[in-house]
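The primary structure of each chain is shown beneath.
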Amino acid sequence: MPSIGSLVRRPEVGSLIGMVAVLIFFSIFGGANFLSAGGAASWLNVASELGIIALPIGLLMIAGYLDLSVGSMVPASSMTIAILSGHYDLPIIVGILAALGLGLAVGFINGVLVIRTKVPSFVVTLATLFALAGLTLGLSVILSGSTSVALKSGPTAKLLFGDYLGGKFEVTLFWWIAAILIVGFILNFSRFGNWILAMGGDAVSARNAGIPTDRVTIALFMSSGLCASFVGMSQAILYNSAQVAAGQSFIFNSIIAVVIGGVLLTGGYGSVVGIVLGTLTFAIVNQGIFYTGFDANWASLIIGVLLLAAVLMNNTFRTMALTYAPRAKSRARR
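Residues numbered from 1 in each chain as written. Predicted model: local features only at pLDDT ≥ 70, side-chain atom pairs only at ≥ 80, totals over all residues. Heavy atoms only, no water.

What follows concerns unusual backbone geometry. Positive phi, normally seen in glycine, also occurs at Asp89, with a value near 60°. Tracing the backbone shows Asp89 in the loop between α4 (70-87) and α5 (92-117). In this model, Lys118 sits at a positive phi of 65°, which is unusual for a non-glycine residue. Relative to the elements of secondary structure, Lys118 occurs in the loop between α5 and α6 (121-144). By relative accessible area, which is 62% here, Lys118 ends up exposed. (Helix = DSSP H or I, 4+ residues; strand = E, 2+ residues; numbered from the N terminus. Buried < 20%, exposed > 50% of the residue type's maximum accessible area, 1.4 Å probe, protein only.)

Here is the structure:
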């Protein structure tokens, strides 16, 4: 029977309370439309795209890093598949592989730069963010003559990456579930997951203990780039077009979702369940405001307050966990 101390020590407790609270709030004020299949689809679709990116971002943050370049990786991969398979009519598989390969390449560059330069990942990926954005814009105009390119993907690619189930739910929901299972296994049941947690706790000690910190760092950045490029590729297939201005919201939305999920910005603490709950919480707030009678312009204020409340709640639960356990032991001795 788990004790109260062991329960509140879990990283996802605060995010679970937050998700239940906002779900109840918008269920009351959003009415029947929010609870309908269409209402659920609106925030689940947002959660699936955001969640695919938030999972590797969460792993990076647990390891003590950040990746801001995902904001440019999404439109870059969208434009890659659209230009190759839309503008130049190459097979769709070529565009898909090129888009995903671009994500891996950018992630590899980010990882190597962080390792070699010793510059904080925030600065490195911020530079990559702007560099990739400029490169995407410049090459798009040169190669296609436009900043928006149409794409016809074919039935198979459409079914796998850019279709709606029942006319409402994006197929990316299944890809998100698959990503949750994979990342959950890695973090909780593999040696690689232990390495990630150790690096976030103390990178120097982890390296001295024989953990291949450089390889882990590169792998984490490559996974972040891959997932961001997957979302960009699937968006291009879903909407039958790509634009260079899309995807910037993923930069901070993914970080917000991860922080709401209980992951520490300082690293070494977090869980996949918490990241999923934080993603759902953000998506519910992001879409739920449109089902209420409130002015949608207040959505950013609500998200900001939610972020601060989530951080304070998570800190409170961690403090409770640390103070509860010793008392429980002392009572047991008596």
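The next thing to look at is the packing of helix α12 (residues 250-260) against helix α13 (residues 272-288). When two helices pack together, their arrangement is captured by the angle between the axes and the distance separating the axes. For the pair α12 and α13, interaxial distance at closest approach is 7 Å and the crossing angle is 120°. When the interaxial angle is binned, α12 and α13 end up oblique. Considering only the axes of α12 and α13, their crossing is right-handed. Of α13, the residues touching α12 (which contributes Asn253, Ile256, Ala257, Val258 and Ile260) are Ile275, Gly278, Thr279, Thr281 and Phe282. Here the residues of the contact of α12 with α13 are counted per class, giving six nonpolar, four polar and no charged. (Axes fitted to C-alpha atoms, helices over the stretch in contact; angles between N-to-C directions. Parallel < 35°, antiparallel > 145°, perpendicular 65-115°, else oblique. Left-handed = near helix turned anticlockwise from the far one by under 90°. Contact = heavy atoms within 4.5 Å. Nonpolar A, V, L, I, M, F, W, Y, C, P; charged D, E, K, R; others polar.)

In this section: the side chain of Ser224. You can see Ser224 is positioned in helix α11 (residues 213-239). Judged by relative accessible area, which is 1%, Ser224 ranks as buried. A polar contact of 2.7 Å, which involves the side chain of Ser224, links it to the side chain of Asp67. (Polar contact = N/O pair within 3.5 Å; in protein donor to acceptor, adjacent residues only side chain to side chain.)

Taken together, the side chains of Tyr88, Leu90, Ile93, Val94, Leu97, Leu135, Leu139, Ile142 and Leu143 define a hydrophobic patch exposed on the protein surface, amounting to about 830 Å² of accessible area. For the nonpolar patch, the elements supplying multiple residues, two or more each, are α5 and α6. Residue contributions to the nonpolar patch peak at four residues, all from α6. Note that Leu97 resides in helix α5. Look at Leu97 and you get exposed, because its relative accessible area is 55%. (Patch = residues over 30% accessible without salt bridge, like charges linked within 9 Å, V, L, I, M, F, W, Y side chains within 5 Å. Areas by Shrake-Rupley, 256 points an atom, 1.4 Å probe, with all protein chains shown as cover. Salt bridge = Lys/Arg side-chain N within 4 Å of Asp/Glu carboxyl O.)

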